[in-house]
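Below are the chains, spelled out letter by letter.
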Amino acid sequence: MRPFTYTKAADVNAAVQEVSTHEGAKFIAGGTNLLDLMKIDVMRPAHLIDVTHIAHKTIEENDKGGLRIGALVTNNDTAYNELVEKRYPLLSHAILAGATAQLRNVATDGGNLLQRTRCYYFYDTATPCNKREPGSGCSAIKGYNRDLAILGTSEHCIATHPSDMAVALAALDASIHVTGKDGERTIPILDFHRLPGDTPHIDTNLKEDELITSIDLPAKGFPEHYTYLKLRDRASYAFALVSVAAALELDGTTIKEARIALGGVAHKPWRKPEAEAILQGKAATTENFREVAEAYLEGAKGYGDNDFKIELAKRAIVRALEQALKMEAAS
Amino acid sequence: MEKNTVELPPTSSVTLRVNGLSRQLNIAPWTTLLDALREHLHLSGTKKGCDHGQCGACTVLVDGKRINSCLSLAVMQQDKKITTIEGLAKEGELHPVQQAFIDHDAFQCGYCTPGQICSVIGLVNEGKAKTMDDIRDLMSGNVCRCGAYVNIVKVAQEALERGEIR
């Protein structure tokens, strides 16, 4: 690791002040992804601000009937929290589908949103990568790209966002509460991560001086019909080739509302509300599920090794919706 | 050779509570908990495998929870209760999970074993594993390249049935 200086922030304002006045400063909480990337010289912060001593470590019901999850709550403490398990089991399942117990015991929810892509070329400092070194080129587009994106890609980057948690948050319409030097603001989860476009080095719409303080879940948690289906090369501790967070609200066998978010296919959790709307008022049948799946993958583009993910994603959507319908929650 | 003129940030005093003892160290901020344990406190039972949180050989318990010590800065672990493999045996008697690794022949080369043992203790403390599949899933952060998994799962099963962890 390159040398850096370190300070502990006493509260949110101190952390935000400190990050604004230090060039090359980064916040650190769990650090599981940041330290990994620092060891291989992909990330090179000159100064680390430890935010683990500030508040925002609790999960509480908010005044809108939803839940406010402090940004510093660990992934495991969130997944195993009673309120989350009962009211938002989709989120619990998604979190537990990712990483290992050791990592989830340390990694925070705020950090989970900010984790970087696992694109092989982003990690390999011997190869060009527009995300790591803007303007150097993308090695993945014509390289080995089995794991990489099929939706929302650009000619500059086909990286995927690796989080499982964020996929469930996208399906649940979560919002991200942040504080910066200009004050607080709330970012809907779907606006939090960006598409790569011609600036793939910027992962999110969070500003340099902003710190995530909480994740807010609306009251509706779909505890009756949900599933997190994660398809991957081994059953545990592997990133998704394709994952689907699916949730249904039913009136008998008629669908009142459907939520579908995809992971492993794009630079951000992929939601397409206009495609979800196809299911509204329709019968919960495989045929209708397939129609939505086709709409979801409209415009998908393969890059050779990952062509199979287009059909895989369609079938995963159908299977996830069938599982949610029959309440087979396990992926 | 050109003289290295890069000025390194100074080391600072860090106090770690390891295996019941308070230990003061002068270390740089980039020292991981794993390096602090091995290189500075000479507690070499905790192993460095991949150094990237993939293999689990560096697993230790912090406040009873299993973590990858390689992905944690020592300076951020002050005032916490750190337990390594060296802190498990009490009064000359092996910890029941250590004994179970011997009884079940759950290791070959032994390199992953300190991490596996700490991880099994963490697994029991978490109390979430109910089935053999749960054990396999929740132990997936510990790799054994000798392939002793079958017997490691037996150890974990026995530890979960016994339940008592100290």
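Every residue gets a number counted from 1 within its own chain, in the order that chain's sequence is written. Labels are handed out in written order, letters beginning with A for the chains and numbers beginning with 1 for the ligands. Whole-chain, interface and lining totals are the exception, using all residues; otherwise, since this is a predicted model, local features are given only for residues with pLDDT of at least 70 and side-chain atom pairs are given and counted only at 80 or more. Here the side-chain values reflect all heavy atoms present in the structure, with hydrogen atoms and water set aside.

> Help me get a handle on the interface of chain B and chain A, residues and values and all.
We call two residues in contact whenever any of their non-hydrogen atoms come within 4.5 Å of each other. With 29 residues of chain B in contact, the opposing surface of chain A contributes 29 residues. When two components associate, each loses some accessible surface as probed by a 1.4 Å sphere; the sum of these losses over both components is called the buried area. Of the roughly 2500 Å² buried between chain B and chain A on both sides combined, carbon and sulfur atoms contribute 60%. Together, B:W30, B:L71 and B:M76 form the three largest contributors to the area buried by chain B at its contact with chain A, with a combined 25%. Any carboxyl oxygen of Asp or Glu that lies within 4 Å of a side-chain nitrogen of Lys or Arg is treated as forming a salt bridge with it. Counting across the chain B and chain A interface gives two salt bridges.

> Tell me about a nonpolar patch on the surface, and please be specific about residues and values.
Side chains of B:L94, B:I102 and B:F107 sit close together on the surface and give an oily, nonpolar patch of about 240 Å² of accessible area. By definition, any uninterrupted DSSP run of H or I lasting at least four residues is a helix, any uninterrupted run of E lasting at least two residues is a strand, and each is numbered from the N terminus. Relative to the helices and strands, B:F107 is located in the loop between α2 (96-103) and α3 (113-126). Residues form patches when they are more than 30% accessible in relative terms and have no salt bridge. Like charges link within 9 Å. Nonpolar side chains (Val, Leu, Ile, Met, Phe, Trp, Tyr) link within 5 Å. Values of accessible area rely on a 1.4 Å probe in the Shrake-Rupley scheme; residue burial ignores everything except the protein chains shown.

> So what about the UniProt feature "domain: FAD-binding PCMH-type" (unreviewed entry) in chain A? Which residues, and what values?
UniProt positions are given in the numbering used here, feature names are shortened, and annotations may be inferred rather than shown by experiment. If you check UniProt for "domain: FAD-binding PCMH-type" (unreviewed entry), the listed places come out as residues 1-222 of chain A in our numbering. Along residues 1-222 of chain A, the helical share is 28% and the strand share 17%, with 44 Å between the first and last C-alpha atoms.

> Describe the packing of α2(B) against helix α5 (residues 149-162) of chain B, with residues and values.
All names here are of chain B. Where helices are involved, their axes are fitted lines through C-alpha atoms of the stretch in contact, as for all axes, and angles between N-to-C directions lie from 0 to 180°. The contact between α2 and α5 brings their axes to 9 Å, and the two run at 140 degrees. Looking at the two axes, α2 sits oblique to α5. As α2 runs across α5, the sense of the crossing is right-handed. Together, P96, V97, A100 and F101 of α2 and I152, V155, E158, A159 and R162 of α5 make up the contact between the two elements. Tallied by class, the residues present in the contact of α2 with α5 amount to seven nonpolar, no polar and two charged. Comment on the angle field: the value is read as roughly parallel under 35 degrees, roughly antiparallel over 145, roughly perpendicular from 65 to 115, and oblique elsewhere. Put simply, a crossing is left-handed when the front helix is turned counterclockwise from the back one by less than a right angle, and right-handed when it is turned clockwise. Residues are grouped as follows: nonpolar covers Ala, Val, Leu, Ile, Met, Phe, Trp, Tyr, Cys and Pro; charged covers Asp, Glu, Lys and Arg; every other residue, Gly included, is treated as polar.

> Tell me about unusual backbone geometry, residues and numbers included.
One non-glycine residue, A:A99, lies in the positive phi region at around 55 degrees. Topologically, A:A99 is positioned in the loop between α5 (89-96) and α6 (101-104). A relative accessible area of 31% places A:A99 in the partly exposed class. Positive phi, close to 55 degrees, is recorded for B:D105, a residue that is not glycine. Within the fold, B:D105 resides in the loop between α2 and α3. Between buried and exposed lies partly exposed: a residue is buried under 20% and exposed over 50% of the maximum accessible area for its type, with that area taken using a 1.4 Å probe on protein chains only. You can call B:D105 exposed: its relative accessible area is 53%.

> Give a detailed account of the side chain of B:Q78, specifying residues and quantitative values.
Residue and element names in this part refer to chain B. With respect to the helices, strands and loops of the structure, Q78 is situated in the loop between β4 (65-68) and β5 (81-83). Think of a polar contact as two N or O atoms within 3.5 Å of one another; within protein, one of them needs to be a possible hydrogen donor and the other a possible acceptor, and neighboring residues in sequence only count if both atoms come from side chains. At 3.2 Å, the side chain of Q78 forms a polar contact with the backbone oxygen of V75. In contact with Q78, not counting residues within four places along its chain, are S13, V14, T15 and L16.

> Give a description of the packing of helix α12 (residues 286-296) of chain A against helix α13 (residues 308-326) of chain A that names residues and reports values.
Residue and element names in this part refer to chain A. For the pair α12 and α13, the least separation of the axes is 9 Å and the interaxial angle reads 140 degrees. Classified by the angle their axes make, α12 and α13 are oblique. When the axes of α12 and α13 are compared, the crossing they make is right-handed. Between α12 and α13, the residues in contact are T286, F289, R290, A293, E294 and Y296 and E311, K314, R315, I317, V318, L321, E322 and L325, respectively.

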